[in-house]
Amino acid sequence: MAEEAMAAILQVVVQNLIDHSKKEISLVRGLDKEAEKLVGRLGTLHEFLNDAEMRSIPGGAVKSWLKKLEDVAFDADNVLDELNYHLLSKQINPIKQKILSCFSSSNHIARSRSMAIRIQEINENLESINNEATELGLVGRLAVVPTTLVDAAFETDAFTVDPIFIGRDEVVSEIVEILSDSVTSDERLISIHAIVGMGGLGKTTLTRNVFNRQKEENRFESHIWVHVSRTFDPIILFKKILKELTYSDQVEVGSRQDILRKLQEALRDKTCLLILDDVWNQDRPKWDDFINSLLGVTSVKGNAIVVTTRNMEVASTVKSLHTHELKGLSHADCWSIIKAKTFGKEDVPPEFEAIGRKIAARCQGLPLAANVVGGALCYKSEQEWLSIEEKWLSHDEGDHITEILKLSFDNLSPQSLKKCFAYCSIYPKGHRIERRNLIEYWMAEGFLEASNEMESIGDKFINVLLHNSLLQVAERDGYGNVESCVMHDLVHDLACSVLGSSNNTNGTSRVRYMIHDGESRVSKEVAKYLRTLFFKGNIYGNMFADFEHLHVLVLADFDCKKLPGSIRKLIHLRKLDISLTGIFFLPDWIGELHQLQTLYGGYLFILPNTLKYLTSLRHLYISQITTLPAEIGKLTSLQTLEYFKVGTENGCKIEELGSLKGLKGKLKISKLERVHNKEEAEKASLSSKAKLLELCFAWDMYREGETTSDEKVLEGLQPPSDLKKLVIEGFKGKRFPTWTQKMAVIENAAQGSWISLNKLIEVRLSQCSECEEIPMFGQLPNLKSLSLEGLSNVKSINSSLNVETLTVFPALEKLVLHGMPKLEKWPQAEFEGASDVKVFPRLQYLEIEDCKQLTSFPNHSSPGLKHLIIRRTSSCMPLEKLTALTMLCTEGIDDLEHLPDWLFYSNPNLLVLKIEKCPKLTGLPDGLGTLNSLKELIVRECPNLRDGVCSINSLETLVISDCPNLERITDDIGIQQSQGSHTSLRSLEIYECIALSYLPCELVGSSLEKLVLVNLSSLKNLPEVVNCLPKSPPRLTELRISGVSQFTATYSVDVLRKLNIDASMWGSVESVNGIIEACNPHSLTDLELKGMENMPESMQHLNALSHLKLEDFGMEELPEWLGNLSSLVLLQLHDCKKLRRLPTADAMRRLTRLEYLDIEGCLELCVEKQSDAAASQWPSISHITYISVDGNPVDAQPRIIVHHGLQEPVVHRAAAHS
C-alpha cells in the first residue's frame, strides 16, 4: 500500500510543478527551452505515477524510485518558488527593483545563470528517473478524470458529520453510575477505572460521552482530558494536566518540583475527573511514580481517573478499581451506523440493504469500521456497493479495520485530498486540529489548487474527510459549523504510513515536517529540507538561517520579544504564527516576505508600513489593540481582518476597506466618529462583501462634541445579505437608518428592490443612548439572540408582527434588556381578526436589568422559558404562564414583598433560585416546599426577611447572607425523623444573620462538604450542629466559624482542607489546638485564625499548609517552629498590634516555598531594609519574592504583566494576594 499511496500524493507535487513550469519559467528570458523540456518530462513522469498508483510491483525498487522522485520534485518546487518570489518582488515594487538593477545588474545576470543551471540539473535528474521507471516496467498511463468533489456542505447538520453514537447508551449510564458510586463511597483520594477494548471499538467516543455526562451533572469541579498514547512520561503528563487546568497554551515551569507545586495550587480545593486516553504503559514503577506524585498534590477525596487502553495488562498495572471490557457492537448496530452515514433518515432501497448487511457483518462490531465504510459507500451506486463488498470480502485473513481504512483512503478524490489527509499526521495523536489552521497549512504547502477559492476547496476537503470518518468533529462554533477536529489513532497510523519518512527524524530520508520542542538542536542537514516547523523553546536571532525552504513557521516562546532577523531570508514562507510569543512589534523587513499568505500577529501593538507589500496576504489575525499601517487597502487578497480602526490620515480612512472585496468572517470597525458622512461610509462597500458573517460598528461612547453625523454614517454602512451577527455600539443618533428599520438594504430605490437581512441570528445594540426607538426585529425569521443595552432614551418597544405566521420573534431564544430607565412598556402584539398571535414562542433565556419603569411585557407566550433574571426592575412584571423555569434570579426589586406561591407550583423543575437585595421581602413562599428538583438557593441582603427555608430535600447549596431579622431557618424543616437529614446538601453558608438563634441539625446531612457560619451572634445550638456533622465517612473539607459563641472541638475533621476560625467570642488556645489536632496534617492547606493570644502548637505539624493568615493576635513574636510549615506559599499577618519579631532567618529560610508575605496593621513590626534599628526583621524576610506592607510592595522584583485589553504593556509590582 505504501508505494501506491506515495505515488498518489506525489502526483500532486508533480502536477503543481507542471503548472508552475508553464507559468514562471516561460516569463524569464532565455529559459524557454528548459521550460519546454521540464514540462514534457514532468508530463511523462505524471503518467508513470498513474501506473504506479494503479498496481503493485513486488520488491522495494518502486519505493526507492519514488523516494528519488520525491527529492527531485521538491528540489524543483523550491527552484520554481524562488523564481516566483523574484518575479513577485518586481511586480510589487518595480521602481525599487529598477534602481537596484542599475547598481547590481551583474547580480541579476548571475541569478538568471544560476537559475538556468539548476533547472538544467533538474531536467537531467528527471530524465534519469523517467528512464529508471521504464526499466521497472512502469508504463505511461493517462490519469482517470477524477469524479467531481462532493460538496459535503452539511456543517450545520449535526447527524451527518458527527460520529454516530449507537448501541452504547446503557454502557455510558453504567459507567457514570459506577463513577458516581466510587467517589461517594470509596475512601481513597483517587479511584481508578479502566475501559479496555481493541482499536476501533469506540473507547474514546464512549469515554467522551461519559466525560460530558459528568460535566453536565457537575459532580467534579475540574474535568481534564489527556491523550497519552505510547510514550508514558510523568513530566509530560503533568504538564498536559496543568495546561488543561490553567487554560494556558504554554506551561512555563522548570523542574519536576516546580510543576508539581503548580499542580498542587491548581488542584487545591477541587475534586477532579481525569481521563487518560489510549494508555499503553505496562511499567508498574513508572505508573507508581506518576500516581504517587498525583496523590501528593491531591488532598481532596472524591477524585477519579478513567484510563482507556487496548490491553488488559494496562488495567492491571494501574490497579483499576473497576475494569469495563468493551464488547463489539451487534451486526444490526453496525448496519444502523452505515445506514445513517449513507442515507441519513431516508428509507434504504431493498437492494442496498442486502449488500449493506453483508458489509456490516464484516465490520466485526467495530464502530470505527462502520463509520468509515459508511462514508466510503455514500453517494455510490448499487454496482459500486457490490464492488466494495467483493473487494473487501476477498480479504479473508488479516486486519479488517486496516483494509476498511485503506478502502476509504483509496476512494478519496482528487489526489490532492490524499495529500491533505496524510499531512494531518504531523499532529500528535489525540491533538485537537483547528479547522481554520489546517486549511491554512494546506494552502501554505501548495496542496490546494492556487486560486481565489483555496479556502473553499479546503472547506470541502475537510467535509469529505469528516463524512468518511477520517476526521471526527471535536468542537462547533455558535452557528453549528465545525471549528476543530480529531483523528482516531488507527486513522492517524494510516496517515503516517502514507506520509512516510517526511515526518520521521530517525531515518536517513529528508524530513519535510517537524514539531520541535526546543530541547535539542536541529542539524543543518535536517533544517534545509524542512517545509513545516512548529517550534517551541528558546528562540534567538540567527537560529533560522538554515531553514531556507520553510513554508510554515509557528513559534511558541513567550520570552521572545523580537522577531529573529534570520526569518527575513525565508522567501518561501507562506504562514507565520507568532501569537504564542512576547513580540509586540514587527520589523520593517517583514514586507519582503512577498509570498506570505497568513500572519498570526497575536498582540502586536503597531504594524509597519511595509506590510502593504505583502500582496499575497490572505489572512491577518490581530487583536483590538493593534494599530494598522496606512494603505491596508493595497492588500487586495485579504480575506481575514477582524479589526479595523478608522484613522484621520490619508491611507487610514474607512475607504481602505473598499478595495478589500474578499473579506469574510467577522469585522469590527471602531472609531466611526472619524467618518463624516454617508458618502464616506459607503466607500467601505460593506454590502458587496457577501462573505462577511459578523459586523460590529463602534463609536467612542465617551466622546464629546458633535454627533449629528452618526445617523448618516450608519446609513452608509449597509451590511451584506448573509450577515448572521450585527453589533452596534456607542451610536448617538436618535433613529436607526432605513436598512435597520425594515431590516433591509435598499439596493435600487427606483425599482423598490431590496436585500433582506433575514439570516441574522444575533443582534446587540449597546450604549446607543440617544435612540428613541429600536428597529423592527420581530419579523426576522432566524433571530435567536437580541441584546438591548444602555438605550436610555427608549420608552416603548413595538412588536413587529410577521403577518404570514402571526408570530413575533419566531426563533428568539435569548433576550437581554439592560440599562433602559425610560422603558415603560412592551405592548402585546395584536392583529385584526387574529386571536392567537404568538410572541417569543421559543424564548429560553430572559434577562431584564435596570428597567425600573417597565410594567408591561408580552406574557401570553414563551412557554419554554427556562432562565429568568430580573434585576432592579419593577415587581409589576407579569410572570403568568411560566411553567418551564429552571433558574430564577431576582435582585434589587425594592417593592417586592413576596413571591407568589403559584410561581413555584407551576415550575416544578426549578434548579436555581436567587433572591438578593429585596428590602421589603418578609418571607419565602410555601410553594417553595413543593420543589423536588431545586439544587441551589441563595438569599442575600433582604433585611426584613423573618421566615427562612421550608422543606427542600433536593437542595445541594444553601447560602443566606445579610438578613439581620431572620429569626429561624424553619420550625418545620419538613423532614420527618424517619426520613433522616438533608442527605443532598453539600454546602451550607450563613453570614451576618444576627437574629438567628436556632439552626436545625437536620441541615448538616451526610453529604455536607462546606460549612460556613459567620457573625451569628444569637445562635444557641452550635455544639449540637457540629455534633451532627457526618462522621463516617467524613465529608467536610471546609469549615469556617466566626462571630459565633459556644463552639467546642468535638468533631473529627480528618479530610478538612480549609479551616477559618474566629476565636475572639468563644475560644481559647486549647480549644483551637484541639480542632487543629483533629485535622489531618496532610490534608489541611488553608488556615485562617483570628482573635487569639498565641499560635496553637499543634500547627507545627501541618506539612500540607500552603496559606496561613493570623489576624488580631496578641503575641509579640512568632515561634521558631513556624519554619516547619514546609509547604507554606502565602503568609498573612494582619492587625497583630503587639508583634515585634519574626522567626530567625534560619527558620524563615526553611520555608523554601514561601513566595508571598502580606503584613497589614502590625504597628510594632519593623521590616524596613534601610533601617539601622536592631529590631528590623529584614534579614529574616529578605529572600521572599513578594512582600507587601499595608498594601505597598517592599523591594519586590517587578514582574511584567501584559494586560491585553490595554493599549500598551503595564509593569506591575505584584503584591501578596488575600
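Here the structure is shown first, and the text comes after it.
What you see is a predicted model, and the numbers here were worked out from it, not measured in a lab.

> What's the story with the pairing of strand 1 (residues 190-196) in this structure? I'm lost.
Taken residue by residue, a regular strand's side chains alternate between the two faces of the sheet. Where burial is concerned, most of strand 1 is hidden: seven out of the seven residues are buried. Burial along strand 1 is two-sided: the residues Ile190, Ile192, Ala194 and Val196 and Ser191, His193 and Ile195 are all buried. Relative to strand 4 (residues 303-309), strand 1 runs parallel, the two sharing seven bridges. Among the inter-strand pairings, Val196 is bridged to a residue of strand 4, identified as Thr309.

> Help me out: how do you make sense of empty space enclosed by the protein in this one?
A probe matching the size of a water molecule, rolled over the atoms, marks out where space remains unfilled. Applying the stated criterion across every chain yields a total of five cavities of 30 Å³ or more. Taken together, Ile190, Ile224, Ile241, Leu267, Cys272, Leu274, Leu294, Thr298, Asn303, Ala304 and Ile305 make up the lining of the second largest cavity. Looking at the lining of the second largest cavity, the elements with two or more residues in it are strand 3 (272-279) and strand 4. For the lining of the second largest cavity, the element with the highest residue contribution is strand 4, accounting for three residues. When grouped by side-chain class, the residues that make up the lining of the second largest cavity number nine nonpolar, two polar and no charged.

> How should the pairing of strand 40 (residues 1156-1160) be read in this particular structure?
The buried fraction of strand 40 amounts to four of the five residues, a majority that puts the element mostly inside the structure. Pairing geometry for strand 39 (residues 1130-1134) and strand 40, over five bridges, is parallel. Across the sheet, Leu1131 pairs through a bridge with Leu1157, a residue of strand 40. The pairing of strand 40 with strand 41 (residues 1186-1189) spans four bridges and is parallel. When the sheet's bridge partners are listed, Ile1159 is paired in strand 41 with Val1189.

> What is the right way to look at the packing of helix 18 (residues 415-423) against helix 21 (residues 489-499) in this model?
When two helices pack together, you describe them by how their axes are tilted relative to each other and by the distance separating the axes. Between helix 18 and helix 21, the shortest axis-to-axis distance is 8 Å and the interhelical angle comes to 115°. One element, helix 18, and the other, helix 21, form an angle in the roughly perpendicular class. Crossing of helix 18 against helix 21: the hand is left-handed. On the side of helix 18, the interface is formed by Lys419, Phe421, Ala422 and Tyr423, while helix 21 contributes Val491, Leu494, Ala495, Val498 and Leu499. Across the contact of helix 18 with helix 21, the residue classes tally to eight nonpolar, no polar and one charged.

> Looking at this structure, how should I read the side chain of Gln597?
With respect to the helices, strands and loops of the structure, Gln597 is situated in the loop between strand 12 (575-581) and strand 13 (598-600). On the accessibility criterion, Gln597 (10% relative accessible area) is buried. Non-local contacts of Gln597, meaning those with residues more than four positions away in its chain, are made with Met443, Ala444, Met454, Arg574, Ser616, Leu617, Arg618 and His619.

> What exactly am I supposed to notice about the nonpolar core here?
For soluble globular proteins, nonpolar side chains are generally found buried alongside one another. One finds Leu620, Phe697 and Leu1108 to be the most contacted residues of the largest nonpolar core, which totals 193 residues. Sequence-distant contacts of Phe697, defined by excluding residues within four places in its chain, comprise Ile669, Leu672, Leu686, Leu714, Leu717, Leu726, Val727, Ile728, Glu729 and Trp739. Residues Ala370, Leu377, Ile401 and Phe447 belong to the second largest nonpolar core, which totals 85 residues.

> Could you clarify how one ought to interpret the packing of aromatic side chains in this entry?
Describing an aromatic ring pair means giving the distance of the ring centres and the angle of the ring planes. For the structure shown, the criterion picks out 30 aromatic pairs. Taken together, Tyr423, Tyr427, Tyr441, Phe447, Tyr513 and Phe534 form an aromatic cluster joined through their ring pairs. Between Arg230 and the ring centre of Trp280, over which it is positioned, the NZ or CZ distance is 3.7 Å. The cationic tip of Lys418 hangs over the ring face of Phe409; the distance from NZ or CZ to the ring centre is 5.3 Å.

Reading the values: the criteria
- Residues numbered from 1 in each chain as written.
- Predicted model: local features only at pLDDT ≥ 70, side-chain atom pairs only at ≥ 80, totals over all residues.
- Heavy atoms only, no water.
- Buried < 20%, exposed > 50% of the residue type's maximum accessible area, 1.4 Å probe, protein only.
- Helix = DSSP H or I, 4+ residues; strand = E, 2+ residues; numbered from the N terminus.
- Pairing = 2+ DSSP bridges.
- 1 Å grid on protein atoms, 1.4 Å probe; cavity = no way out; pocket = protein on both sides within 12 Å on 5 of 7 lines; lining within 4 Å.
- Points joined across faces, edges and corners; volume = space filled by probe spheres on them.
- Nonpolar A, V, L, I, M, F, W, Y, C, P; charged D, E, K, R; others polar.
- Axes fitted to C-alpha atoms, helices over the stretch in contact; angles between N-to-C directions.
- Parallel < 35°, antiparallel > 145°, perpendicular 65-115°, else oblique.
- Left-handed = near helix turned anticlockwise from the far one by under 90°.
- Contact = heavy atoms within 4.5 Å.
- Core = buried A, V, L, I, M, F, W, Y, C linked by side-chain atoms within 4.5 Å.
- Phe/Tyr/Trp six-rings, centres within 6.5 Å; stacked < 30°, edge-to-face > 60°.
- Lys NZ or Arg CZ within 6 Å of the ring centre and 35° of its normal.

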